[in-house]
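Residue-level structure breakdown
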Amino acid sequence: EAGVAQSPRYKIIEKRQSVAFWCNPISGHATLYWYQQILGQGPKLLIQFQNNGVVDDSQLPKDRFSAERLKGVDSTLKIQPAKLEDSAVYLCASSPLSLSHGYTFGSGTRLTVV
Amino acid sequence: EDKVVQSPLSLVVHEGDTVTLNCSYEVTNFRSLLWYKQEKKAPTFLFMLTSSGIEKKSGRLSSILDKKELFSILNITATQTGDSAVYLCAGFYNTDKLIFGTGTRLQVFP
């Protein structure tokens with residue numbers, strides 16, 4: 001089966017600019033997650049979708065971050081405006097409703113804010 | 001506050017050595033513990049452990065969970081340079097969410 005697709009792979013922006021990341025999960029996976037992984041740390045959950053509804057966005061900095069999942073398939077994560085501390089790898093993951101092997105992660109987008 | 005703590009943070013060994021990676025957790029409504037290997041960006045799934053005392057094996061890797069003492073270990077025998085990676089431990093809880101530790105960086109030299 002095809003994996004979780006993410007784009008772009010790398011992005012460099014100046015602080016206060018905006019940026020968007022895209023994720024296409026594995027076909028049929030109902031649940032989609034966005035994680036932020038700062039260098040030297042483990043991934044931290046930003047938002048969890050089930051189909052096109054938000055299950056948990058308690059750790060999403062909503063003053064600058066937003067996310068949507070259109071028609072319960074693709075998802076975009078946006079940062080506006082970006083700060084230096086947003087430099088990280090943004091990982092998208094998906095899973096079926098019956099979770100037996102954890103999530104499948106995409107390759108991530110490495111964001112550098114200068 | 002829920003947390004997952006891994007040790008050591010970093011490990012340097014020679015090929016052929018055996019290593020043990022540790023993971024302790026305090027996770028509300030804990031369901032399972034997962035191990036992932038992260039070589040570049042995407043973590044890849046290794047094991048999901050739900051029951052105490054049952055060892056899971058995959059080749060030279062094995063892992064076990066102790067739900068009484070709230071920890072897990074990941075063993076790698078006869079290490080190879082291809083085992084060099086960050087190994088992440090994560091607690092799986094509530095509505096299908098994972099909380100990750102900071103990882104153990106393993107470097108295997110020839």
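Right above here is the structure, for reference.
Residues numbered from 1 in each chain as written. Chains lettered and ligands numbered in written order. Predicted model: local features only at pLDDT ≥ 70, side-chain atom pairs only at ≥ 80, totals over all residues. Heavy atoms only, no water.

**Observations concerning the sheet that holds strand β3 (residues 19-24) of chain A**
Where strands meet in a sheet, backbone hydrogen bonds hold them as pairs that are either parallel or antiparallel. All names here are of chain A. Sheet architecture is open: four strands sit in the order β1-β3-β8-β7, paired in antiparallel fashion. Each edge of the open sheet is held by one strand with a lone partner, namely β1 (5-7) and β7 (65-69). The mean angle between the axes of side-by-side strands here comes to 15 degrees, regardless of whether they run parallel or antiparallel. In this sheet, strand β8 (residues 75-79) lies alongside β7 in antiparallel orientation, the contact comprising five bridges. Looking at the pairing, S66 lines up with K78 of β8. (Pairing = 2+ DSSP bridges. Helix = DSSP H or I, 4+ residues; strand = E, 2+ residues; numbered from the N terminus. Axes fitted to C-alpha atoms, helices over the stretch in contact; angles between N-to-C directions.)

**Comments concerning the pattern of salt bridges**
All names here are of chain A. Scanning all chains against the criterion turns up five salt bridges over all chains. In this structure, R64 and D86 form a salt bridge, with 2.5 Å as the shortest nitrogen-oxygen distance. With R64 in the loop between β6 (53-56) and β7 and D86 in the loop between β8 and β9 (88-95), this pair connects stretches of sequence that are 22 residues apart. As far as the burial class goes, R64 and D86 line up, both buried. (Salt bridge = Lys/Arg side-chain N within 4 Å of Asp/Glu carboxyl O. Buried < 20%, exposed > 50% of the residue type's maximum accessible area, 1.4 Å probe, protein only.)

**Regarding the state of the cysteines**
Counted by the stated rule, this structure contains two disulfides over all chains. One disulfide in the model links C23(A) with C92(A); its S-S distance is 1.9 Å. Around the S-S axis, the bridge from C23(A) to C92(A) shows a dihedral of about -70 degrees and counts as left-handed. Placement of C23(A) in strand β3 and of C92(A) in strand β9 is noted, with a sequence separation of 69 residues between them. Across the pair, exposure class does not vary: C23(A) and C92(A) are buried alike. Paired by a disulfide, C23(B) and C89(B) hold their sulfur atoms 1.8 Å apart. Given an S-S torsion of about -60 degrees, the disulfide between C23(B) and C89(B) has left-handed geometry. With a gap of 66 residues between them, C23(B) in strand β3 (residues 19-26) and C89(B) in strand β9 (residues 85-93) connect regions that are remote in the sequence. A single burial state applies to C23(B) and to C89(B), both of which are buried. (Disulfide = S-S within 2.5 Å.)

**Re the interface of chain A and chain B**
Taken together, the contact pairs 27 residues of chain A with 17 residues of chain B. Summed over the shared surface of chain A and chain B, the result is one salt bridge. Ionic pairing is found between K97(B) and D56(A), a salt bridge with its closest N-O pair at 3.3 Å. Linking chain A to chain B there are five residue pairs in polar contact (both at pLDDT 80 or more). For the side of chain A that touches chain B, the secondary-structure elements that each account for two or more residues are β4 (31-37), β5 (44-50), β6, β9 and β11 (109-113) of chain A. Looking at which element gives the most residues to the side of chain A that touches chain B, the answer is β4(A), with three residues. (Contact = heavy atoms within 4.5 Å. Polar contact = N/O pair within 3.5 Å; in protein donor to acceptor, adjacent residues only side chain to side chain.)

**Some words on the packing of aromatic side chains**
Evaluation of the coordinates by the stated rule reveals 13 aromatic pairs over all chains. Taking 6.4 Å as the distance between ring centres and 40 degrees as the angle between the ring planes, the aromatic pair formed by F65(A) and Y90(A) counts as tilted. Residue F65(A) is located in strand β7, and its partner Y90(A) is located in strand β9; the two are separated by 25 residues in the primary sequence. The exposure class of F65(A) is buried, given its relative accessible area of 3%. Given the relative accessible area of 0%, Y90(A) is considered buried. Taking 4.3 Å as the distance between ring centres and 15 degrees as the angle between the ring planes, the aromatic pair formed by Y25(B) and F30(B) counts as stacked. For Y25(B), a relative accessible area of 4% corresponds to the buried category. (Phe/Tyr/Trp six-rings, centres within 6.5 Å; stacked < 30°, edge-to-face > 60°.)

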